[in-house]
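Fold and contact review
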Amino acid sequence: MQFSYLIIDRSSDTALLKEKLGIFESFVEAGHAETPEEGLNKILELRPQLVFLSVEESDVNPFAIVSEIGEYLNDLPTFIAVSTTTTLSYEAFQRGVSGYLLKPIDINLLRKCLFRYQKKQPPSPSKKISIKSQGDYHFISAEKIVYLKADNNTTDFYLENGKVITAYKTLKFYENLLPDNFFRIHHSYVINCDYVSRINLGRSDCYLSNNKIILPFSRTYKCNIDKIIGKIAQ
């Protein structure tokens, strides 16, 4: 599952924040604004899920945008305040801000902040996955994907119609985007359990699409095999 973010900050700290956010593949930049007014317009245009809002004591009503956005949207973004001091932290939470980070951003605190946000999000329903392959964008329904195979830093998508699409991102990246009927069974494979037709525990093999495809599973991911068995047995 991916989450989009917008940064509202006119300072030079923006580049560093973007660099650190780039470590987290599930979080994708929607845009950047230098002023709250520009930020408001970009929120309405781009509809990011997260907004990193730079606030300082010298700002005039630094949290005005948090309440103002409610005049236009029902589905509000989550605001995370970013500041050089803790002075405004109490007011930030009173105004509905969900997180407060100090500059320069500590990567460990940023990680906790993002994971806390991610944990609160409801599981995503089956949806289309965007796959960029050699300049083309393929939009594939998750239910049409039989399995994914890692190939160095690329990922091959094997579809129910027999087609194979190569995407230039890692298997781990796509693993985080897929709904909960996908399980990693091997360092190189993520499978859609809706296509599982047989599991041989003795041989450590998983059969897909009426036994037409046989993939190995490893001990490392044996717990996921148990989950698949339990899920199908229900």
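Our subject is the structure listed above.
First, a word on what this report is: a plain description of the structure on this page. Please read these numbers as outputs of a predicted model, since none were measured by experiment.

**Digging into the sheet that holds strand β13 (residues 196-200)**
Across the sheet, 3 strands lie side by side as β13-β14-β15; this open sheet has antiparallel pairing. The two strands at the open ends of the sheet, each matched to only one other strand, are β13 and β15 (213-216). Taking each pair of neighbouring strands and ignoring which way they run, the sheet shows an average axis angle of 20°.

**Examining helix α2 (residues 36-46)**
Within the sequence span of α2, burial applies to Gly39, Leu40 and Ile43. Along the axis of α2, the buried residues cluster in a sector spanning 105°; they form a single face. Opposite its buried face, α2 presents the exposed residues Glu37 and Glu45, each directed more than 90 degrees away. Tucked into the core, α2 has its buried residues touching β1 (3-8), β2 (27-33), β3 (50-54), α3 (64-68) and β4 (78-83).

**Considerations on the sheet that holds strand β12 (residues 189-192)**
On the basis of which strands lie adjacent, the open sheet formed by 5 strands has the order β10-β9-β8-β12-β11 and antiparallel pairing. Lying at the two open borders of the sheet, with one neighbouring strand each, are β10 (164-167) and β11 (182-186). Along the sheet, successive strands turn relative to each other by an average axial angle of 20°, direction set aside. Packed on one face of the sheet, helix α7 (residues 222-233) meets β11 and β12 and runs near 140° to β11.

**Regarding the pairing of β10**
Side chains Ile165 and Ala167 project from β10 onto a buried face, and the interleaved Val164 and Thr166 project onto a face without burial. Here 4 bridges tie strand β9 (residues 154-159) to β10, and the two strands are oriented antiparallel to one another. Across the sheet, tyrosine 158 pairs through a bridge with valine 164, a residue of β10. Taking the residues that link successive antiparallel strands as the turn, the β9-β10 hairpin has 4 residues, and the phi of glycine 162 there is positive, at about 90°.

**Section: helix α1 (residues 13-21)**
At 3.6 residues per turn, the α-helix brings residues three or four places apart onto the same side. Within α1, the full set of buried residues consists of Thr14, Leu17, Lys20 and Leu21. Down the axis of α1, the buried set is contained in an arc of 130°. They therefore lie on one face. Exposed and facing more than 90 degrees away from the buried side of α1 are Ala15 and Glu19. Here the buried face of α1 lies against β1, β2, β3 and α5 (107-120).

**Regarding the side chain of asparagine 200**
Topologically, asparagine 200 is positioned in strand β13. The contact partners of asparagine 200, leaving out residues within four places of it in the chain, are Asp205, Tyr207 and Phe217.

**Notes on the pairing of β1**
A large share of β1 lies buried, amounting to 6 of its 6 residues. Residues Phe3, Tyr5 and Ile7 of β1 are buried on one face, and the alternating residues Ser4, Leu6 and Ile8, pointing to the opposite face, are buried as well. Note that β1 and β2 share 6 bridges and pair parallel. Its bridge partner being in β2, tyrosine 5 is matched across the sheet by glutamate 29.

**Concerning unusual backbone geometry**
Cis geometry marks the peptide bond from lysine 103 to proline 104; its omega dihedral reads -10°. Tracing the sequence through the fold places proline 104 in the loop between β5 (99-102) and α5. A positive phi angle, near 55°, is found at asparagine 152, a position not held by glycine. Of note in this structure, serine 204 is not a glycine but carries a positive phi near 60°. One can find serine 204 in the loop between β13 and β14 (205-208).

Reading the values: rules and limits
Each chain has its residues counted from 1, running along the sequence as written. Under the rules for a predicted model, residues below a pLDDT of 70 receive no local features and side-chain atom pairs below 80 are neither given nor counted, while totals for whole chains, interfaces and linings still include all residues. To get the side-chain values, take all heavy atoms of the structure and skip hydrogens and water. At least two DSSP bridges between two strands are required for those strands to pair. Under the scheme used here, helices are H or I runs from DSSP no shorter than 4 residues and strands are E runs no shorter than 2 residues, and both carry numbers assigned from the N terminus. Axis definition: a line fitted to C-alpha atoms, limited for helices to the stretch in contact. Angles are taken between N-to-C directions and run from 0 to 180 degrees. Here the term buried applies to any residue with accessible area under 20% of the maximum for its type, exposed to any over 50%, and partly exposed to those in between, with areas from a 1.4 Å probe on protein chains only. Arc definition: it is the arc formed by the directions from the helix axis to the C-beta atoms. We call two residues in contact when some of their heavy atoms are within 4.5 Å.

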